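Topology and contacts: notes
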Amino acid sequence: MKQKIITFLTGFLLYALVFGIFMYYTEANKDVLKALYAGVFFGIFMGLFEVFINPRIRSYFANKKKNK
């Protein structure tokens, strides 16, 4: 459980920071609050992806590779 929390927080911070910076610099009007909301929204969902979906994808392809 502790590892999942650490994975979520790491994924959240990394994706939110990168996406927020990307959104800030690609927008024409440079709205900080809008970039912050977009970064947090994207970071939450990518953090959940890293915790719940990505391990299943990795194990599926690892098992597929072993069976060949």
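The paragraphs below set out a description of the structure included in this document.

Some points on the packing of aromatic side chains
Counted according to the given criterion, the structure contains 6 aromatic pairs. Seen in terms of ring centroids, Y24 and Y25 are 5.1 Å apart; in terms of plane orientation they differ by 80°. Their pairing is edge-to-face. Since its relative accessible area comes to 57%, Y25 is described here as exposed. Members of the aromatic cluster, each reached through a chain of ring pairs, are Y15, F19 and F42. Sitting over the ring of Y24, K30 keeps its end group 5.7 Å from the ring centre.

Details of the environment of V32
Note on placement: V32 falls in helix α2 (residues 32-67). On the accessibility criterion, V32 (55% relative accessible area) is exposed. In sequence terms V32 and F45 are 13 residues apart; their C-alpha atoms lie 20 Å from each other.

Rules of the game
- Residues numbered from 1 in each chain as written.
- Predicted model: local features only at pLDDT ≥ 70, side-chain atom pairs only at ≥ 80, totals over all residues.
- Heavy atoms only, no water.
- Phe/Tyr/Trp six-rings, centres within 6.5 Å; stacked < 30°, edge-to-face > 60°.
- Buried < 20%, exposed > 50% of the residue type's maximum accessible area, 1.4 Å probe, protein only.
- Lys NZ or Arg CZ within 6 Å of the ring centre and 35° of its normal.
- Helix = DSSP H or I, 4+ residues; strand = E, 2+ residues; numbered from the N terminus.

These figures capture arrangement, not role.
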